[in-house]
Amino acid sequence: MFGMAASPALAGGVLVLVCDQQRGSFMIAVKQANGELAWKKERPEAGIGWALPVIHDSEVIITGNRAVSGFRLSDGQPLWQRRLVADASNGVPAISGNTLFVNAAGYDQPWVPTWESATAKLNQDAGSRLSRAELALDQEVGQFFDYIDGDRDGQVTHEEWNVARMAGVGEYGLTSLQLGGRGEIGDTAVNWRMKRNLPYVPAPLLYNGVLYLAKTGGIVTSLDSRTGDILQQGRAPNAGGDYSASPVAGDGKVYLTSREGKITVLRAGAKWEPIASNDMGEECKATPAIDEDSLYVRTASAVYRFRSTPRQ
């Protein structure tokens, strides 16, 4: 219902693009020099998602909504996977050495009622399907009609309802995973998992051994990357609301950007502390970029460059 959103990744002379969707998911690599197709890999096991691919040791690592997987960069052949369940895959994993930190937001219980309960309440013609108008009678669930209607035929079936109902229920959380295995990765590769205060869209940030999470409401969580222990939790001052941008770091500081355009600067560390707050005055969904002494911020109408020292 939101369309495609994953950015490509460039490495080894190819540009890799992941196209995860409700049906017909696939991944392609095109040659950097001329745009010709290098390889294509179907992903029938993957559903809706917007996660960016990350390149590590000649592998393409992808967080899907049913597994995090590694593929050979040269030809797209699968190397390993670890089952997980996400409502929808977003962001990009963080990596330190041979440890992968992957976030998959999900639920302990289904997010919609049973098919029998829903049809008893909403079905007006005693049919075996639910129409858009019928589902709209439930304002909370009705807004997700295009997500639940997997084949886009304007009718929700029992099967489609159950697929959507169970989306995100299972093995979710922020997981520390040891890389290097092949095939189906077992529990021995899982260092730790944390299921509290998980962001939905923003990716985790790893900076100087500390993991940072930023989620809706301006809630910031820092964790010990080795153990998963929570080091500190709190709220970014004057920067509540939704968050789409991932946190970024540099020069001993962490930068958090809310959709409202509030940029909070934290002094990095296990016990982080706010040191500045900046209001861009308009919507900002994109993750800022850092290059040497500059921070680049894209708002709804402009791109800004902030330098750590005045221009000479």
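Residues numbered from 1 in each chain as written. Predicted model: local features only at pLDDT ≥ 70, side-chain atom pairs only at ≥ 80, totals over all residues. Heavy atoms only, no water.

Considering the nonpolar core
Within the largest apolar cluster, 16 residues are counted, with the highest numbers of intra-cluster contacts made by Leu 130, Leu 135, Val 141, Tyr 147, Ile 148, Val 156 and Trp 161. At the level of elements, α1 (115-122), α4 (145-148) and α5 (158-165) are the ones that each hand at least two residues to this core. Grouped together as the second largest cluster of nonpolar side chains are 15 residues, Ile 61, Leu 79, Leu 177 and Leu 179 included. (Core = buried A, V, L, I, M, F, W, Y, C linked by side-chain atoms within 4.5 Å. Buried < 20%, exposed > 50% of the residue type's maximum accessible area, 1.4 Å probe, protein only. Helix = DSSP H or I, 4+ residues; strand = E, 2+ residues; numbered from the N terminus.)

What about the packing of aromatic side chains?
Applying the stated criterion across every chain, the model contains five aromatic pairs. Relative to Trp 192, the ring of Phe 101 lies with its centre 6.1 Å away and its plane at 40 degrees, an arrangement referred to as tilted. Pair noted here: Phe 101 is in strand β10 (residues 99-104) and Trp 192 is in strand β15 (residues 190-194), with a separation of 91 residues, a long-range link. (Phe/Tyr/Trp six-rings, centres within 6.5 Å; stacked < 30°, edge-to-face > 60°.)

Quick word on the side chain of Ser 225
Relative to the assigned elements, Ser 225 resides in the loop between β18 (219-224) and β19 (230-235). Here the side chain of Ser 225 touches Gly 209 through a polar contact of 2.9 Å, landing on its backbone oxygen. Apart from residues lying up to four places away in sequence, Ser 225 is in contact with Phe 101, Trp 192, Leu 206, Gly 209 and Leu 211. (Polar contact = N/O pair within 3.5 Å; in protein donor to acceptor, adjacent residues only side chain to side chain. Contact = heavy atoms within 4.5 Å.)

Thoughts on α1
Burial in α1 covers these residues: Trp 115, Ala 118, Thr 119 and Leu 122. Seen along its axis, α1 keeps its buried residues to an arc of 95 degrees; they face one direction. Facing away from the buried surface of α1 by more than 90 degrees, the exposed residues are Ala 120 and Lys 121. Each element contacted by the buried residues of α1 is listed here: β11 (130-131), α2 (132-135), β12 (155-156) and α5. (Arc of directions from axis to C-beta.)

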